[in-house]
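# Working through the structure, step by step
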6 protein chains.
Amino acid sequence: MQDRNENFVSIFPPHALLYQETVRRALLEDLGNAGDITTDALVSKDDKVTAKIVARASGRVAGLDVAACAFHCLDPNLIFETHLSDGQDARPGDTLAVIRGHARPILTAERTALNFLMRLSGVATATRDMVKLISSYPARIVCTRKTTPGLRALEKYAVRVGGGANHRFGLDDAILIKDNHIIVAGGVTEAIRRVQKCAGHLVKIEVEVDTLEQLEEALQEGVDAILLDNMPIKMLAEAVQRAKGKAITEASGGVTPENVCLIAATGVDLISIGWITHSTPALNLALELAVTA
Amino acid sequence: MQDRNENFVSIFPPHALLYQETVRRALLEDLGNAGDITTDALVSKDDKVTAKIVARASGRVAGLDVAACAFHCLDPNLIFETHLSDGQDARPGDTLAVIRGHARPILTAERTALNFLMRLSGVATATRDMVKLISSYPARIVCTRKTTPGLRALEKYAVRVGGGANHRFGLDDAILIKDNHIIVAGGVTEAIRRVQKCAGHLVKIEVEVDTLEQLEEALQEGVDAILLDNMPIKMLAEAVQRAKGKAITEASGGVTPENVCLIAATGVDLISIGWITHSTPALNLALELAVTA
Amino acid sequence: MQDRNENFVSIFPPHALLYQETVRRALLEDLGNAGDITTDALVSKDDKVTAKIVARASGRVAGLDVAACAFHCLDPNLIFETHLSDGQDARPGDTLAVIRGHARPILTAERTALNFLMRLSGVATATRDMVKLISSYPARIVCTRKTTPGLRALEKYAVRVGGGANHRFGLDDAILIKDNHIIVAGGVTEAIRRVQKCAGHLVKIEVEVDTLEQLEEALQEGVDAILLDNMPIKMLAEAVQRAKGKAITEASGGVTPENVCLIAATGVDLISIGWITHSTPALNLALELAVTA
Amino acid sequence: MQDRNENFVSIFPPHALLYQETVRRALLEDLGNAGDITTDALVSKDDKVTAKIVARASGRVAGLDVAACAFHCLDPNLIFETHLSDGQDARPGDTLAVIRGHARPILTAERTALNFLMRLSGVATATRDMVKLISSYPARIVCTRKTTPGLRALEKYAVRVGGGANHRFGLDDAILIKDNHIIVAGGVTEAIRRVQKCAGHLVKIEVEVDTLEQLEEALQEGVDAILLDNMPIKMLAEAVQRAKGKAITEASGGVTPENVCLIAATGVDLISIGWITHSTPALNLALELAVTA
Amino acid sequence: MQDRNENFVSIFPPHALLYQETVRRALLEDLGNAGDITTDALVSKDDKVTAKIVARASGRVAGLDVAACAFHCLDPNLIFETHLSDGQDARPGDTLAVIRGHARPILTAERTALNFLMRLSGVATATRDMVKLISSYPARIVCTRKTTPGLRALEKYAVRVGGGANHRFGLDDAILIKDNHIIVAGGVTEAIRRVQKCAGHLVKIEVEVDTLEQLEEALQEGVDAILLDNMPIKMLAEAVQRAKGKAITEASGGVTPENVCLIAATGVDLISIGWITHSTPALNLALELAVTA
Amino acid sequence: MQDRNENFVSIFPPHALLYQETVRRALLEDLGNAGDITTDALVSKDDKVTAKIVARASGRVAGLDVAACAFHCLDPNLIFETHLSDGQDARPGDTLAVIRGHARPILTAERTALNFLMRLSGVATATRDMVKLISSYPARIVCTRKTTPGLRALEKYAVRVGGGANHRFGLDDAILIKDNHIIVAGGVTEAIRRVQKCAGHLVKIEVEVDTLEQLEEALQEGVDAILLDNMPIKMLAEAVQRAKGKAITEASGGVTPENVCLIAATGVDLISIGWITHSTPALNLALELAVTA
């Protein structure tokens, strides 16, 4: 546990180049054609304010750089000062960051900045909670490609912030033979042989299996990792036992807070969970304003 | 209720021009630089399959056109045949759509298509459930701008599919004076007066109030709608009473399945809920394959 | 009148995010593949100059921020100093702005910066002239969606700078039922009823009518505004009378400097004019150079 | 004259690749985030109509392909049938094109399609009128780079359709030494010498001169063309005489319908006019609808 | 060898979505603002031709789909008929493909289509030649990230077509610790340990070593592959021997046709060569025209 | 020669606006979705280094601004200090530039920066070598449109840096009638006449001829330049003689270091060479690191 918490401080955020355009598009989506007609009509262009982003619920913070990017995209002169860092846990009432400068860009960027920060912190929080539940086991929580379209790199980062590990970032960075591939290839053995002929020397191969027979085929051919899909706990334990020392094992399918410890107790190396990215509630955050004298 | 269900069939999806680029970017995000190295290595370019999108849980379907767009973006010759329509309710095991054609593009687009469809159906389902709860009241469920960055038009559509109504699409299509604006302006009255001087003749004005005093100020100045934020039920009921006939009323803040009927019972016109877009679980869907002879 | 002039100083320009990409594209359109081959060949990269943008005709200035953006897009270190502001009136010979810095970017951006500034000032000037003509009436001049493709937000802004008001920014920010919609729906009443079923609570509805019969239908159904299209003055006056207190009225079609006062004298609230955006002459401006010692 | 009219039919429109993105952006500008909320609410998705684009004024038609592109961008299945061609003259009431198909995309694309067509036809008409005025002289009317940002290739095409010729398309396709360049270089001779050292063998050189002295310098150095800027008719005639056989001559500055014949009578080769692109009224066109049985 | 040749037919080209935008941009780069002014002026829009792409030198063909994409991007109705396939060897005079249809788009796309096809075939040819040289050894030729900016996926594909294998596609699909990383980390051991703590379970790790001491460190820590950089043949042979069975070995640095067999003879698994992508001559191809009756 | 060397210092690089997007895309191509996972895992975000770009071979430097742009795109605070300038010749071991600042962005941008710089310097070097070979003749080396897709403006610049001159930048900046055009038009005379009718006054015309008969036709019609394609030296000399004083002459086809002097000796004005852009080896450069105390 200790070890994992230390990791948090060294967790690397994606380079800004990877999300600047995403943030710019999100702002343009909110501005529409006419811009922020409320703020423009109501706030003088010289008004200055101090605003703070405040937690309204408990959770793990993730995405402060992205939120800052939203504010700076509208006004590079805004001061964005963090009080917490990505990877730290906020309690209700905690201030995550303070923004100072002209009121117009702060109010106009508010919703976009919070939409990113709330979602990423939500993902980090859900991940953290699952990680905590299995903290006495060596298994790691990993995410999937079931991410929000357009936000993959950011959500993968939020999973790391939550103490989880990343699975593939896309279809291109490793080979994962899934059930549908096996159907097309006509079997596990054939599927593995086909990809082995093409795989580059830096590409790992993982195969999804549903039965112990498929598992044996996979172990026979030799793969880097095996995804044990939707297996009952007992079968999962047996599978993990058989694969030990031969391939990394990953449990997947129907993982809940209720059964995650049982799964981890099988000795499986990884537990992958789609809902930590596709079905997590956002962390409740708000922007509070104080007018500058 | 009847009336609302009828609405579903006439619910208009956003024009494809509004999401084609979003879908293309999502596919590129998944393809990375090297593309789908598993499918490319394993599936012959002439293999054909029939696949179906199947529900693994109950929910309201939304986003079939978007899913089709993902498949067609990779291969315009794929046949995408819907078995259910947006606005219909799927039960576990139901087939939403069948896709026929070359196996490669179907397998490569699978995740992206499902990521859109699962999220939009999740939003529609959560909205539907809230709408159902208050079906004996005239109040309508409306969404907010707390949407996923990049997906606003689609999520707003999913809310309509769920039987909800849309609030503003962005900062530009109506004036909504929020608490922070009131702080900057120095009061409700001043804030309303400022925007009235600038508002075009087709722009409605809504103001957020926290107290009955603020409500009176707003009613005095004359606005189209009043957002009653986080008021206790009793105060909310009083506010609705006072505003009756003078402005549309909207309740907001802390709305849950548990309290939504109490809120609706106050006679409020609209109940806005952020979490139907920012915190809803995705609808569980899968793509199942059958190899074509 | 006084009131309107004051407005000018508080007129809000669109946020730079809304036009930066448009300016960048305009510069790239002028640079082509090879860039400014005249300036590059002729001007040393260390040469510095002072240039001024000078009016060659009288008119209302609009678009200085956009012109500055063009210069800064090529060289962020250029000093762009305004001598007049958007909303002020220039006479021939007046200096609008002074630009100091390297000669190359100033000469290369010159045409693009002027093309924006001349057009926007042209729109503002034409609007101002119409506004002046009816200054003794309460009617306001409003623009339409007949704007230059790609420049809508900027031209809408220029109309505000000219003292006019904005109509819809796009198809999405209000409902305007036009003659063609009425044909499809089969009548004014049916058309209004259809949109009322779908319109969000912050969406206003306007309907175009050609006859007093259509007007009565519209008033019966209840809409926010009525566009009285191409009516003879007498019919217009009658229509305005009937709609008084029930809906905002807008006169449209064939408005000229010659008849605008007659139209305004009917008591109509708004007079919309397409040609202030689609057919106005540009304001004649030039960039004059002084070589720096 | 005859000769020039024949040219019209062979005038080549820019390849669609050069304006498709511009048209797409213009449509998105009009659709905003929510799309055409009037049409979507009011028109059933199965409704079909026949629409025609009708002239409400006399003018030269230009831009039918661009208008078609706007309709097809929203619905590739729309039938766009031209009744007139680019380069032909329309009289009030004439049908330019008929569009058949689903009502929604036709109504949604209407404004964007017309905005392009009206502007380009306006440019073509103004050009045609100037060309006609000087039809008994050999001089040609040419345009400048004072075009609408983002529409240069299209407006240059409209000038060709009007019987005019194109000047430079951008800063990159020829060298034009202007007054400001001469100031920086310290004189006409020096300016010409500098560019001659760099100019590629397929790059022509033109220089702007204000006086006969400058003209002599230019002729001495040898250039392809000389822009005679704002010269009184008599001086212009003298300049043309001196340059005859040595360089192409172009008159520029303050050209009006009133003085264009006098200018042409000097024997000058080209008369360049900025306002045929930057200050011309759009041609009045409308889309009329007939509901299909 | 036989085996590798068979591979060629199953070599998967990148999905068109991965290069369509690149091709579109290349065409726009060539069209500039004014388009193909030679072809537009000279060729009637109804002229049809048959053209063929002919080899003027011997080489391995790669990129026919990309060339087709260039033609179809200008005119989807052109017929592009391949006579050879990617992976086949062309001799001078061989026809690679025949294109039929309108003359204008064929002539306009010619240069862009050939620029892609000549470069990709050049890369494939250089790779093929190196692969042939070492055909009696088990070693494989692999490429590097020293590719042309913007063309990585296509050049990596050309390498596969040439019989080579791909190294990393980018910085994101595997870990490669290079000399500079080791300097920053302070040593091979420390560098490996740091990345092992962060690497996902599907991410392989390779480390570059210059000496046998560094090699021992790497083998001790355990990595998937070792890049033996610029080692003299004897040291290389020793290194390969020591790593055998413990890690994949890759030779790199200064590989030429002259020394590649000596390198392969050491038993090294992979030989990576930068110049097959960054310094290879294009394959000489031409488009020959036959006017259609 | 002296004269040409002087030119180098005044050679103008393309404005950054023309390549910033290209550089950004190249970086994103290398970063993929997950970014630089090696550097992020291994280098602390506070580590600072000094790096230098060092020549490993002799060659003409070109593209330092572009390399700087790559570093600054990832971190605007990096110091990029040039030790050599574009147009200077580097020997092995020479330092071209020193970069100081955070280690992460320097290591992440390294490959992209070098890919640009190595290619552009390779083009400049090849050009320089050809220019040197013919330094005792007046002929100039010119490039073609056979450039790398996406890099034309940069490669054209590299040719200038190498002492060569630029031919057309695209299809739009001059008319070049090639063999295929002549086939379509039915002959040299007809082809020239067609384009003369359309060519703007600042557009030069060049025609490609294969025989002395075609040459005579071209001279008869009058063109600015004649491309003498693939002529044997003797025929070339004859052609040059005949064209002298009537048109600029350009030799093209099969130019090698072996025959370039013979070609130049014919007195031809220009010698165009495709391979200086499409088939030149990159200049070998490396980034060497020194950790900052």
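Residues numbered from 1 in each chain as written. Chains lettered and ligands numbered in written order. Predicted model: local features only at pLDDT ≥ 70, side-chain atom pairs only at ≥ 80, totals over all residues. Heavy atoms only, no water.

Attention now moves to the overall build of chain A. When you go through chain A residue by residue, the secondary structure sums to 12 helices and 12 strands. Counting only C-alpha atoms and orienting by the principal axes, one finds that chain A spans roughly 70 × 40 × 25 Å. Looking at the 293 residues of chain A, the share that counts as buried comes to 64%. Long-range contacts, defined as pairs at least 24 residues apart, comprise 70% of the intrachain contacts of chain A with a sequence gap of at least 6. Just so you have it, chain A exposes about 10200 Å², and 50% of that area is on carbon and sulfur atoms. (Helix = DSSP H or I, 4+ residues; strand = E, 2+ residues; numbered from the N terminus. Buried < 20%, exposed > 50% of the residue type's maximum accessible area, 1.4 Å probe, protein only. Contact = heavy atoms within 4.5 Å. Areas by Shrake-Rupley, 256 points an atom, 1.4 Å probe, with all protein chains shown as cover.)

All names here are of chain B. Counting buried positions along strand β9 (residues 225-229) yields five of five residues, so the element is predominantly enclosed. Pairing between strand β8 (residues 205-209) and β9: four bridges, direction parallel. In the sheet register, E206 faces β9, and the bridge partner there is A225. Crossover handedness for the path β8 to helix α9 (residues 212-221) to β9: right-handed. For β9 and strand β10 (residues 248-252), the ladder comprises five bridges, and the chain directions are parallel. (Pairing = 2+ DSSP bridges. Right-handed = clockwise from strand over helix to strand, strands pointing away.)

Before going further, it helps to spend a moment on the interface of chain F and chain E. Contact residues are listed per partner, giving 64 residues for chain F and 64 residues for chain E. In total, chain F and chain E occlude about 5200 Å² of area from one another, counting both sides; carbon and sulfur atoms represent 58% of this. Of all residues in chain F, L42(F), P149(F) and L171(F) bury the most surface against chain E, accounting for 14% of the area lost on that side. Our count for the contact surface shared by chain F and chain E stands at four salt bridges. R145(F) is the partner of D30(E) in a salt bridge, and the nearest nitrogen-oxygen pair spans 2.6 Å. (Buried area = accessible area lost by both parts, 1.4 Å probe. Salt bridge = Lys/Arg side-chain N within 4 Å of Asp/Glu carboxyl O.)

For the pair chain F and chain E, the relating rotation is 180°, the translation along its axis is 0.0 Å, and the fit reaches an RMSD of 0.0 Å. The superposition of one copy onto the other is thereby described by a two-fold rotation axis. When the interface residues of chain F are mapped onto chain E, 100% of them again lie at the interface, so the same face is used by both copies. (Least-squares fit on C-alpha atoms with pLDDT ≥ 70 in both.)

Our focus in this paragraph is the packing of aromatic side chains. This structure, assessed with the given rule, holds six aromatic pairs over all chains. Their ring planes at 35° and their centres at 6.0 Å tell us that F71(C) and F80(C) sit as a pair that is tilted. A relative accessible area of 16% means that F80(C) is categorised as buried. K156(D) extends its terminal NZ or CZ atom over the ring of F169(D), reaching a point 5.5 Å from the ring centre. (Phe/Tyr/Trp six-rings, centres within 6.5 Å; stacked < 30°, edge-to-face > 60°. Lys NZ or Arg CZ within 6 Å of the ring centre and 35° of its normal.)

To continue, consider the packing of helix α8 (residues 188-198) of chain C against helix α9 (residues 212-221) of chain C. Residue and element names in this part refer to chain C. Where α8 meets α9, the closest approach of the two axes is 9 Å, and the angle between their N-to-C directions is 30°. As judged from the angle between their axes, α8 and α9 are roughly parallel. Handedness of the crossing formed by α8 with α9: right-handed. In contact with V188, T189, I192, R193 and Q196 of α8, α9 contributes Q214, E217, A218 and E221. Here the contact of α8 with α9 is composed, by residue class, of three nonpolar, three polar and three charged. (Axes fitted to C-alpha atoms, helices over the stretch in contact; angles between N-to-C directions. Parallel < 35°, antiparallel > 145°, perpendicular 65-115°, else oblique. Left-handed = near helix turned anticlockwise from the far one by under 90°. Nonpolar A, V, L, I, M, F, W, Y, C, P; charged D, E, K, R; others polar.)

With that settled, consider the domain arrangement of chain A. All names here are of chain A. Considered domain by domain, chain A is made up of domain 1 (5-124 + 281-292) and domain 2 (131-278). With centres defined by C-alpha atoms, the gap from domain 1 to domain 2 works out at 34 Å. Listed per partner, the contact involves 19 residues of domain 1 and 15 residues of domain 2. Per-residue buried area on domain 1 facing domain 2 is highest for I11, R119 and V123; these three make up 33% of the total on that side. Our count for the domain 1 to domain 2 interface comes out at one salt bridge. (Domains from an automatic or database assignment.)

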